[in-house]
Amino acid sequence: MSWRDLPKVELHLHLEGAAPPAFIRGLAAEKGIDISGIFDERGRYRTGTFEHFLKVYEAACTVLTSPEDYRRLTLAVLEESAANGVVYSETFLCPDFCGGGDVAAWRDHLAAIEDAAREAEVRDGITLRGIVTCIRHFGPDQAKRVARCAAETMGGFVTGFGMAGAETVGRPKDYAWSFDCAREAGLRLTCHAGEWGGPDTVTDTLRDLRPERIGHGIAAAKDPALMERLAEDDIVLEVCPGSNVYLGAVPSWEKHPIETLRGREVKVTVSTDDPPFFGTTMTREWEMLERTFQWNEDDLAALNRVALDAAFCDDATKDRIR
Ligand code: ADE
Ligand code: ZN
């Protein structure tokens, strides 16, 4: 058996960031919205730096204006994930783009996403759970609205709360109210940190927001004491190597710190982040791990087990997938 036959678990995928460019172009045409500037001559997203990527991402989101758009988006994204052998996925869901943080509008969008997830489970054999996510550069007040949306819809499909966006804006503690609100509602927590900032951003995030998983977290590889702490405390990193290389957070696959982190027994998982933006898929991520670090089938199976153990779904769902 080859690793290609192993079912994959993905923990870090932004729903809008997984939108195929043709899907977004189609919706823009249907609605007469001109966002042609975000595509290159071959129809791919045109991105460069992280800041530019965020602008293109948010421009793409302007065509997603209704629950029905999100139903279709979810079906398109899950079809692509399943085609890459993913059997369980957790996706970041943003009330900011789904009704602007209004709870009633968010409920309508979420119902459409869940509807699509049920359909895809039957059609493609893939299980989806949602992590409601605030966006750091939209500020702490908007994050509170998002946390209330998360708390109101916690349970079943919505299992987690997180934060994405520009990591250099504000401080983690500015968002402590939102993380406390989500924790008190019973949600599991993850937070982007250590993608662009240094090891101290991971330390501050752990202290002030107390997540059990960190999105990216690659800066920890610069600090042996922090790696030791992550390993001891079972903090799981959602590492997205293809994203890091594409956006320039690390210079190349060869120089990616995932091997250092794994060598220090930090629990690492691998995900795609925003696959069509970065020209990646879960298959490609695994291929590159094999090619760059000679990870074999046992390594990739172990990586997958760490991901399933760290998933935010209940044990019955894990047992069904295992
Ligand atoms: N939102 C979508 N992709 C992201 C990334 N790589 N970092 C922070 N926020 C994001
Ligand atoms: Zn991300």
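Residues numbered from 1 in each chain as written. Chains lettered and ligands numbered in written order. Predicted model: local features only at pLDDT ≥ 70, side-chain atom pairs only at ≥ 80, totals over all residues.

Enquirer: How should I be thinking about the sheet that holds strand E4 (residues 158-164) in this particular structure?
Expert: Paired through backbone hydrogen bonds, the strands of a sheet run either parallel or antiparallel to each other. With respect to topology, eight strands assemble into an open sheet ordered E1-E2-E3-E4-E5-E6-E7-E8, the strand pairing being parallel. Of all strands in the sheet, those with a lone pairing partner are strand E1 (8-14) and strand E8 (267-270), marking the two edges. Across the sheet, the mean angle from the axis of one strand to that of its neighbour is 25 degrees, orientation sign disregarded. This element, helix H5 (residues 140-152), spans strand E3 (127-135) and E4 of the sheet and lies at about 155 degrees to E3. Where helix H6 (residues 176-184) meets the sheet, it contacts E3, E4 and strand E5 (188-193), and its direction lies at approximately 155 degrees from that of E5. (Pairing = 2+ DSSP bridges. Helix = DSSP H or I, 4+ residues; strand = E, 2+ residues; numbered from the N terminus. Axes fitted to C-alpha atoms, helices over the stretch in contact; angles between N-to-C directions. Contact = placed C-beta atoms within 7 Å.)

Enquirer: What exactly am I supposed to notice about the site of ligand 1 here?
Expert: In the vicinity of ligand 1, the contacting residues are His14, Gly17, Ala164, Gly165, His192, Glu195, Ser243, Asp273 and Asp274. Of the residues in the shell around ligand 1, the class split is one nonpolar, five polar and three charged. (Near = placed C-beta within 6 Å. Nonpolar A, V, L, I, M, F, W, Y, C, P; charged D, E, K, R; others polar.)

Enquirer: Before we go on, may I ask you to explain helix H8 (residues 224-232) in this structure?
Expert: Considered for burial, the residues of H8 that qualify are Leu226, Met227 and Leu230. Burial along H8 is one-sided: seen end-on, the buried residues are contained in an arc of 100 degrees. Across H8 from its buried face, at more than 90 degrees, point the exposed residues Pro224, Ala225 and Glu232. On the buried face of H8, the contacting elements are helix H7 (199-209) and helix H10 (258-263). Within two residues after H8, Asp234 carries a phi angle of roughly 55 degrees, on the positive side. (Buried ≥ 20, exposed ≤ 12 C-beta atoms within 10 Å, placed from the backbone. Arc of directions from axis to C-beta.)

Enquirer: Where do I start with the nonpolar core in this structure?
Expert: Inside soluble globular proteins, nonpolar side chains tend to come together where they are buried. Counting 91 residues, the largest nonpolar core has Val132, Ala147, Ala150, Phe161, Ala220, Leu261 and Ala311 as the members making the most contacts within it. It is helix H4 (residues 103-124) that contributes the most residues to this core, seven residues altogether. Split by domain, this core shows at least three residues from each of two domains, domain 1 (21-63) and domain 2 (68-321). (Core = buried A, V, L, I, M, F, W, Y, C linked by C-beta atoms within 7 Å. Domains from an automatic or database assignment.)

Enquirer: How should the domain arrangement of the chain be read in this particular structure?
Expert: Often, the extent of an interface is quoted as the loss of accessible area on bringing the components together. Domain boundaries assigned for the chain yield domain 1 (21-63) and domain 2 (68-321). Each of domain 1 and domain 2 was reduced to a C-alpha centroid, and the two centroids are 23 Å apart. The interface is formed by nine residues belonging to domain 1 together with nine residues belonging to domain 2. Elements that contribute at least two residues to the side of domain 1 that touches domain 2 include exactly helix H1 (21-31) and helix H2 (50-61). With four residues, H2 is the single largest residue contributor to the side of domain 1 that touches domain 2. Partitioned by chemical class, the residues of the side of domain 1 that touches domain 2 number eight nonpolar, one polar and no charged.

Enquirer: Just to check I follow, could you spell out the pairing of strand E6 (residues 213-216) for this structure?
Expert: On a regular strand, each side chain points to the face opposite its neighbour's, so the side chains alternate between the two faces of the sheet. When E5 meets E6, the two strands line up parallel, connected through four bridges. Across the sheet, residue Cys191 finds its bridge partner in E6, namely Ile214. The handedness of the E5 to E6 crossover, carried by H7, is right-handed. Both E6 and strand E7 (residues 236-239) contribute to a ladder of three bridges, which runs parallel. By the bridge assignment, Arg213 is partnered in E7 with Val236. Where the polypeptide runs from E6 across H8 and back to E7, its parallel neighbour, the crossover connection is right-handed. (Right-handed = clockwise from strand over helix to strand, strands pointing away.)

Enquirer: Sorry, what's going on with the packing of H5 against H6 here?
Expert: Helix-helix packing: each pair is described by the crossing angle between the helix axes and the interaxial distance. Their axes nearest at 9 Å, the elements H5 and H6 cross at an angle of 5 degrees. Between H5 and H6, the interaxial angle falls into the category roughly parallel. Contacts between H5 and H6 involve Ala143, Lys144, Val146, Ala147, Arg148, Ala150 and Ala151 from the first element and Trp177, Ser178, Cys181 and Ala182 from the second. Split by residue class, the contact of H5 with H6 holds eight nonpolar, one polar and two charged. (Parallel < 35°, antiparallel > 145°, perpendicular 65-115°, else oblique.)

Enquirer: Please explain the packing of helix H3 (residues 67-83) against H4 as it appears in this structure.
Expert: The interhelical angle for the contact between H3 and H4, taken along N-to-C directions, is 30 degrees, at an axis separation of 8 Å. Classified by the interaxial angle, the pair formed by H3 and H4 is roughly parallel. Between H3 and H4 lies a crossing of right-handed hand. In contact with Pro67, Glu68, Tyr70, Arg71, Thr74, Leu75, Leu78, Glu79 and Ala82 of H3, H4 contributes Asp108, His109, Ala111, Ala112, Ile113, Asp115, Ala116, Ala117, Glu119, Ala120 and Asp124. (Left-handed = near helix turned anticlockwise from the far one by under 90°.)

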